[in-house]
Amino acid sequence: MTDQHFQVAIIGAGPAGMAAACTTTKAGLHTIVIDDQKDSGGQVYRNLRANHSLSPTYLGDSYYAGTKLSNDFAACGANYWTDCAVWQITSSHEIALVSRGEAKLITADYIIIATGAIERAMPVKGWTLPGVMSVGGAQTLLKQAALGADDAVFVGSGPLLYLTVWQYIKAGLSVRAVLDTTGRSQWLSALPFAPLAFLQPDMLAMGQKWLREIRQKVDVITNVEEVEIAGRSQVEGLSYTTSSGERIDLPAKHVFLHQGVIPNINLSMATGLEHRWDQKAHYWAPVTDATGKSSDEQIYIAGDGSGVGGAKAAAITGQLSASAIVARHGKPRLMAQLYYKLRHLHFLSIRPFLDRLYLPEVQFRIPQNDETIICRCEAVTKADINGALGSGATGPNQLKAFSRAGMGRCQGRTCGLMVQEMIADHTGQSMAAIGYYRIRPPVKPITLAELASLEGAWPQ
Amino acid sequence: MATINDATVSVRRNTAAPTRPVVIIGAGIQGCATAFFLSQRGQSVIVLDKDHVGRHASGVNAGGVRRLGRDINEIPLSLVAMDWWHQINQLLDIEDGFHQQFYVKVALDDAGANLAGSRIQQLEKAGFKHEKWVEPEQLHRRIPHLTKSIIGGVLVEGDGWALPWRITRAFYEQAVKLGAEFRTPVSVQSVDYVGDHWQVTTNVGKLEADNVVNCAGAWGAQIAKMVGDDMPVEAHAPMLVVTDRQPLFLDAVIGVMGGTLSLKQLDNGSMVIGGGMRGVADPDQNKTQLTPVGLSKFVMTAGRVFSHLRDVSILRAWAGIEGYTADNLPFIGRGSQPGIIHGFGFSAHGFQLGPGVGEVLADLVMARQPRVDISPFAPQRFSKLS
Ligand SMILES: Cc1cc2nc3c(=O)[nH]c(=O)nc-3n(C[C@H](O)[C@H](O)[C@H](O)COP(=O)(O)OP(=O)(O)OC[C@H]3O[C@@H](n4cnc5c(N)ncnc54)[C@H](O)[C@@H]3O)c2cc1C
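Residues numbered from 1 in each chain as written. Chains lettered and ligands numbered in written order. Predicted model: local features only at pLDDT ≥ 70, side-chain atom pairs only at ≥ 80, totals over all residues. Heavy atoms only, no water.

**Here we look at the interface of chain A and chain B**
Interface size is commonly expressed as the accessible area that is lost once the parts come together.
Okay, so step 1: Each partner contributes to the interface: chain A provides 35 residues, whereas chain B provides 34 residues.
Okay, so step 2: When chain A packs against chain B, close to 3200 Å² is buried across both sides, 59% of that on carbon and sulfur atoms.
Okay, so step 3: By the criterion of area lost to chain B, the three top residues of chain A are A:Arg440, A:Leu448 and A:Trp458, representing 22% of everything that side buries.
Okay, so step 4: Between chain A and chain B we count three salt bridges in total.
Okay, so step 5: Sorting the residues of the side of chain A that touches chain B by element identifies strand 4 (84–89), strand 5 (94–99), helix 15 (396–403), strand 22 (446–447) and helix 18 (448–452) of chain A as the ones contributing at least two each.
Okay, so step 6: Element by element, the count of residues in the side of chain A that touches chain B is highest for helix 18 of chain A, at four residues. (Contact = heavy atoms within 4.5 Å. Buried area = accessible area lost by both parts, 1.4 Å probe. Salt bridge = Lys/Arg side-chain N within 4 Å of Asp/Glu carboxyl O. Helix = DSSP H or I, 4+ residues; strand = E, 2+ residues; numbered from the N terminus.)

Here's what the structure looks like:
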């Protein structure tokens, strides 16, 4: 049944996956890298090699910092399947994938899941209107297609928000305003971790530079406490309230939202790996040891998928998992593991600070209005969820059956944490006790004919 | 809310009352339907489930409500159940509870047509006329998208589908309205005969009962063992997929003769497709695993029936844990000791039977003669002792 066997299969060709592949191939391990995009780079270095020949400067140094890694990866000799999505990993480590209309099964001795992060939803009133997009989505359009929109309003919190605004103005686009929702209390709870962050002066310095250049061109409004997006069939404007209580209206056709990123756990969850609730960062992450080894001895998780640490840390965790696998293959370790561990810690040190700083306030995590949609796929509103809670749903999976929230195409990627938190509020149980949706394959879209191709050609 | 320990006390205080409440183990459709019929007849009932109402097979099955293709021994029970299905809205105070359509097993080739012919003959000999051969022209007229090469099929008018979770839940809600008490999550650990009654020990306390009904599905054999009955079931995990929404094109449930498929289109346009293939069941952990090759097999069969669905996306695949007996007929009947009644091991076709099983199990609790012959389902039929 199985078409091909590899010593190492790496899922995702972002910094973690690319770095891991460089390490395993150098040790001579038969390696496959699978990614559903057209080229390597993941979210952060998306389209880098194509952009590099054009070198649009607006993407900035932090983007081109990925050049060496991308080139090393291209030269490392790993098998690399693009446009190829993994939709299931079985307990016998069969990897089910789909590529260009066909499904296929491969097997591997070791698997590294390096599927990165997704953006946390920001379900303010009007967030599902056409014209509203996530900041990550806006940035992708800029990197991939050199597309942008003039006069957009950026709303939210976190480094990616400012980086994208900076790239926008460098690309010559006008930005109407930045509404920073980072609350005062977030600054307070983040403060004790500030010294750790100073261990990474370059990252802080970069942030300062962006901010300076942004402020020269754009209104940056801080301490924004409430946001509502208005419009009938598409965005017409938005209103916000600051800590002074003043309510201000802005006309806008494009609103870009961002509240930080969370691990993309759909594949690791569907694989049945153990996960833990990270109360400080407010997300689920797979349980791993220091090398990224999951509750399944054969499966490692590297990069943001194991806990958000950013691009540099992702590359190091990728190397770390790869080195551990190399060691388990009985090959001499390329470099002392400890060395990696130390650098790993070093890079993660700014995270406790950022986690606290950018954990969104509750009004940006859960809709404030009854009619605001929570599950986009099935158009389930906050009132619907409350209704289901009222009729006795006590967990996310039951709530699915009651309300259909999480039953759509995205399998709860967007609504999962909102629903979980609403249940926690309603029942008084902890987020960890409530648990998460049971995630089922296929974790990537697959058509009937593609699935049937494991058996043969679709009947005419 | 009263805890189970409080309840034990209140039950004891009630010793003046003529009977102790009936204890039902398992809140799937069989447990819920039994609780409903017993409550309707004025019995006091406590239902225990280690998880929650409809968490297992009864909440996640394909929802096929068919008499078509049943084992001859099972047909009388299936017909009784169907009477209830045809009045399910009034029975459970719901709307659109049952989507009455028709169910057809199509013949893909001559082998399929031959099977169909002998099946219909066999049924006629036994006096059943509900399954009928349908000619290809008529079939293609009724189901325009059907692949042209299909050469007919066996059809039952009035079969259809229902949303499994909704129906199980409705039996639960009506039972509660009629006074039944449900306690979840409460796991039964042992069932012992003490003096003149049964003592049911759970993870949160003990209960007393004169009658204990075992509706524990794939876990039924474990409960049977607690009361000294050897009733083997194997746990398996039949798999299903649900697709993206499509324009409505189908108002029938489709299977194939000599193959395994069930395909229906829900009101929202999604299709639910299944068919025999099993994933891996882990009943101790409440877990199931899907097997990609198994999924592809029945999806391919769907393609043989409706090739126009080729580019339809799958939203999700899942499996449920179900108990299978050696002859694929359920266990329904009295245990070897008085006061024990079994109803489990429905072998992946027990959803339709639910209302009929509820009625029969309620009869057995109340020492009434059921309307149908349940001897083919005898709990003792595989036991080493008999
Ligand atoms: C994928 C799938 C598709 C199916 N499709 C169809 C179909 O189309 N048509 C059809 O007619 N049938 C179908 N079936 C079969 C049908 O779902 C089952 O036969 C039926 O639901 C069985 O009901 P039940 O109440 O016996 O079992 P369950 O629903 O499994 O209920 C048993 C309950 O007992 C509880 N329990 C177990 N042990 C204990 C304990 N020690 N203490 C307390 N509680 C306990 C469990 O938690 C569980 O909730 C399908 C089944 C599956 C899995």
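After that view, the rundown keeps rolling.
**A word on the domain arrangement of chain A**
Residues and elements named next belong to chain A.
Okay, so step 1: In terms of domains, chain A is made up of domain 1 (4–118 + 262–332), domain 2 (121–259) and domain 3 (366–434).
Okay, so step 2: Here the C-alpha centroids of domain 2 and domain 3 sit 26 Å apart.
Okay, so step 3: Domain 2 puts seven residues into the contact, and the matching count from domain 3 is ten residues.
Okay, so step 4: Taken together, both faces of the contact between domain 2 and domain 3 bury some 660 Å²; the carbon and sulfur share is 61%.
Okay, so step 5: Considering only the side of domain 2, the residues that lose the most area to domain 3 are Pro123, Lys125 and Trp127, jointly responsible for 69% of the buried surface there.
Okay, so step 6: Taken together, the links from domain 2 to domain 3 amount to zero salt bridges.
Okay, so step 7: At the junction of domain 2 and domain 3, the tally comes to one residue pair in polar contact (both at pLDDT 80 or more). (Domains from an automatic or database assignment. Polar contact = N/O pair within 3.5 Å; in protein donor to acceptor, adjacent residues only side chain to side chain.)

**Points about the site of the ligand**
Residue and element names in this part refer to chain B.
Okay, so step 1: Inspection of the region around the ligand gives 36 residues, with Asp49, Ser58, Gly64, Glu322 and Gln352 positioned closest.
Okay, so step 2: In the model, an oxygen atom of the ligand is placed 3.3 Å from a nitrogen or oxygen of the alanine 57 main chain.
Okay, so step 3: Asparagine 61 places a polar side-chain atom, nitrogen or oxygen, 2.9 Å from an oxygen atom of the ligand.
Okay, so step 4: Relative to its free-state accessible area of 1000 Å², the ligand is covered by the protein chains to the extent of 96%.
Okay, so step 5: Of all elements in the fold, only helix 2 (29–40), helix 3 (57–60) and strand 12 (234–243) reach the threshold of two or more residues within the shell around the ligand.
Okay, so step 6: The class makeup of the residues in the shell around the ligand is 17 nonpolar, 14 polar and five charged.
Okay, so step 7: No fewer than three residues from each of domain 1 (22–60 + 165–233 + 327–381) and domain 2 (99–159 + 234–324) sit in the shell around the ligand. (Near = heavy atom within 4 Å. Areas by Shrake-Rupley, 256 points an atom, 1.4 Å probe, with all protein chains shown as cover. Nonpolar A, V, L, I, M, F, W, Y, C, P; charged D, E, K, R; others polar.)

**Structural notes on the environment of A:Asn266**
Residues and elements named next belong to chain A.
Okay, so step 1: Secondary-structure assignment places asparagine 266 in helix 10 (residues 266–270).
Okay, so step 2: Residue class for asparagine 266 comes out buried when judged on its relative accessible area of 3%.
Okay, so step 3: The spatial distance from the C-alpha of asparagine 266 to the C-alpha of glutamate 102 is 22 Å, given a sequence separation of 164 residues. (Buried < 20%, exposed > 50% of the residue type's maximum accessible area, 1.4 Å probe, protein only.)

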